[in-house]
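Here are the chains, one letter per residue:
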Amino acid sequence: MRRCLALPALLCIVASAHAERTALILIRSEAALPSVQAKSAPHMLWALWPPAEGDGNNRVLGLVTGMNWQGTPSDAQFRSDGRVYESLAMPTLRTRGHFQARDQWLWRRRILALESPRLTVSTLALMIALDGRGRVEPAAFRAPRADNTTIAYVAQSWDDASEAARLADRALVLEWPEPEARWGRMWTLGRGWPSGLPMDETAVPGLIKSEVALRLLLTPNKFRWREETRWDGAGEWLVWNRTIGMLWLSVLGLTAAMLAALASMAASAERRPRWLQPAIRALLVSPAALVLAGQAARTFGLGSFGFAAAAALLAMFWGIAELGGWLASANDASPLLAPALVNCAVLSLANPLWSPFSQSLGHVQTAVSAPALGVLAASLAFAAGELGAWPRTLGWVLPAGLAAWALLGRAWLSPWSVDALLICFFAAWMAARPARRWFELVAVAVAGIQVEAARHGVTWAPGGLHSTFASRDALDLSAFALFAFSPGVVAAVCAGALVCLFGSRFLEHRIDRALSARRHLAAPGWMALGLIALGFHRPELLFASVPAAIGFGLALLHDTLDAA
């Protein structure tokens, strides 16, 4: 009898759990001003928004489709007979596949555009509520609503937003940022929210992409939620990475250019300053030092980053000196093996998410950090080549161990496990066969283009903004243009051109001597070309080739100073 009575009660509980009324509320930045200073009460929930076109109405299309779109002038145009609003963009939206993407993303769920108490309705709310029928009939503000409905509303003030939130069991309020802004605040109201901070593929607590915000509202339990005790919110990190973090990267680039110029002049003049080679080795491990400093800043706060970076760099400088001395005495290893091993160890264990190389907090959001991956790949290629001369083919042990680590999902490379395996294979292969392999690399690039073009086609989606639903998985040609004209590539090409232009024939002779003495010294350079070749399969890997090429140039000049 008890079981018979409990079963209907359980069914009622399950039914009520799936019959919640939800509300998505947008509030403009000027209306969502904080009531307290951010330093005394840091905000904990943030949303990343895609690039805005025009007034930013293209961002609304991503809220209901889960992908980012290029905008057209007619997207926000409606005509009304006084009660029903008809979209003027229906032919364009149907052709682009907007409603197909919407039905797949929202499971054909209907959304109601909510009128304000003043009997007006926002264009943004109409765009959110628009489905394949092409007509939107706004709902009255205080009219009773059935269960399992979702309303879209644009609030003019916090009082307005609170009134709209009371009409639902669970509400998500998104700050509608200015077109030039790339992130905004977020608030969760009502019941049914798990405790903690939500996480999506950004892996940052409390930071989600705007295109998954509606999914977060409808199915919050399908997201990861984490309790954070020592965390000031992602907002401070977003600002830091785009200001101080970029400054750190600029300092690294300028230092690399300066050391490369000094090494070229010293080698041409047959001089060998005692401090120059240690300075190059210290610069080669500086990416690992910045990653460790990011881990420290994650624990102790962003204010500790500078001190942690300096301490890590000094500790690594002492460590590579001791390790290099031991390796040289054990097997006459190159002084560059110690920095390569340190980079492999640190960058395979520590996540660069909290460093200036962040894949989620920087200007470009990717699955993994391309700069850190480039440093790791170049270090792995050199270490594999150096250890390949040791007994029992240790050159294959390091790539195989890192590949297994990534495949098991223990490393930050795990989202790209298959690509990590390819990169590890490339490292060992290029180190073992350092001769020129132009044909193989061109074959990999051509095969990557053919495979991607045959499977998904090609598209032009600058800033990750797509023109059609069918192009969401296509090979994005704009990424190649962005890579070719990126500051890192332009600076590297200019630096190489200056060395070739002002370098003497004697410098060329010493470079040949250095490559002849250690043939695997060219492995990081071939790894950079290998990353470019793999980039035709996954464009994000293109940017990993820049630090690999810079590391190759510095390592080559380092050994050039020894070639007599």
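Just so we're clear, the structure is a prediction, and the values are computed from it rather than from any experiment.

As for a nonpolar patch on the surface
Reasoning step 1: A surface patch of nonpolar side chains, amounting to about 250 Å² of accessible area, comprises I244, L247 and V251.
Reasoning step 2: Position of I244 among the secondary structure elements: in helix α9 (residues 244–268).
Reasoning step 3: The exposure class of I244 is partly exposed, given its relative accessible area of 37%.

Some points on the pattern of salt bridges
Reasoning step 1: Scanning all chains against the criterion turns up 16 salt bridges.
Reasoning step 2: Between E20 and R170 there is a salt bridge, with the nearest N and O atoms lying 2.5 Å from each other. Of this pair, E20 sits in the loop between α1 (2–17) and β1 (22–28) while R170 sits in strand β8 (residues 170–176), and the two are 150 residues apart along the sequence.
Reasoning step 3: Across the pair D131 and R133 runs a salt bridge whose closest N-O atoms are separated by 3.3 Å.
Reasoning step 4: Connected through salt bridges with shared partners, the residues E20, R21, D169, R170 and R191 form a single ionic network.

What to know about the packing of aromatic side chains
Aromatic rings in a pair are described by how distant their centres are and how their planes are angled relative to each other.
Reasoning step 1: Under the defined criterion, the tally for this structure stands at 10 aromatic pairs.
Reasoning step 2: Judged by centre distance (5.5 Å) and plane angle (75°), the ring pair of W248 and F305 falls under edge-to-face. One end of the pair, W248, is in helix α9; the other, F305, is in helix α12 (residues 305–331), and 57 residues separate them in sequence.
Reasoning step 3: Since its relative accessible area comes to 1%, F305 is described here as buried.
Reasoning step 4: Look at F483 and F543: their rings are 5.6 Å apart centre to centre, the planes differ by 90°, and that puts the pair in the edge-to-face class. Taken together, the residues F483 in helix α18 (residues 478–484) and F543 in the loop between α21 (523–535) and α22 (545–560) connect sequence positions 60 residues apart.

Describing the sheet that holds strand β4 (residues 85–87)
Reasoning step 1: The strand order β3-β4-β6 describes an open sheet built from 3 strands, whose pairing is antiparallel. Taken across any chain shown, the strands that pair with only one partner, and hence form the sheet edges, are β3 (78–80) and β6 (135–136).
Reasoning step 2: Across 2 bridges, β4 lies against β6 in antiparallel orientation. Looking across to β6, one finds that E86 is bridged to R135.

Some details on the side chain of D75
Reasoning step 1: As for its position among the elements, D75 is in the loop between α2 (58–65) and β3.
Reasoning step 2: Reaching out from D75, the side chain makes a polar contact with the side chain of T72 at a distance of 2.6 Å.
Reasoning step 3: Residue contacts for D75: discarding those within four places in its chain leaves L61, Q70, A89, L93, R96 and M127.

A word on the pairing of β8
Side-chain positions along a regular strand alternate between the two faces of the sheet.
Reasoning step 1: The element β8 is extensively covered by neighbouring structure, given that 7 of its 7 residues are classed as buried.
Reasoning step 2: Burial of the side chains of β8 extends over both faces: R170, L172, L174 and W176 are buried on one face and A171, V173 and E175 on the other.
Reasoning step 3: Sheet topology note: the β1/β8 ladder contains 7 bridges and is parallel. Bridging across to β8, T22 finds its partner in R170.
Reasoning step 4: Of the pairings in the sheet, the one linking β8 to strand β9 (residues 183–190) comprises 5 bridges and is antiparallel in character. Bridged to L174 within β9 is M186.
Reasoning step 5: Between β8 and β9, which pair antiparallel and follow one another directly, the connecting turn spans 6 residues.

Observations regarding unusual backbone geometry
Reasoning step 1: A positive phi angle, near 55°, is found at W107, a position not held by glycine.
Reasoning step 2: For W107, a relative accessible area of 44% corresponds to the partly exposed category.
Reasoning step 3: Look at R108: it is not a glycine, yet its phi comes out positive at around 60°.
Reasoning step 4: Along the chain, R108 turns up in the loop between α4 (98–106) and β5 (111–113).

The rules behind these values
Residues numbered from 1 in each chain as written. Predicted model: local features only at pLDDT ≥ 70, side-chain atom pairs only at ≥ 80, totals over all residues. Heavy atoms only, no water. Patch = residues over 30% accessible without salt bridge, like charges linked within 9 Å, V, L, I, M, F, W, Y side chains within 5 Å. Areas by Shrake-Rupley, 256 points an atom, 1.4 Å probe, with all protein chains shown as cover. Salt bridge = Lys/Arg side-chain N within 4 Å of Asp/Glu carboxyl O. Helix = DSSP H or I, 4+ residues; strand = E, 2+ residues; numbered from the N terminus. Buried < 20%, exposed > 50% of the residue type's maximum accessible area, 1.4 Å probe, protein only. Phe/Tyr/Trp six-rings, centres within 6.5 Å; stacked < 30°, edge-to-face > 60°. Pairing = 2+ DSSP bridges. Polar contact = N/O pair within 3.5 Å; in protein donor to acceptor, adjacent residues only side chain to side chain. Contact = heavy atoms within 4.5 Å.

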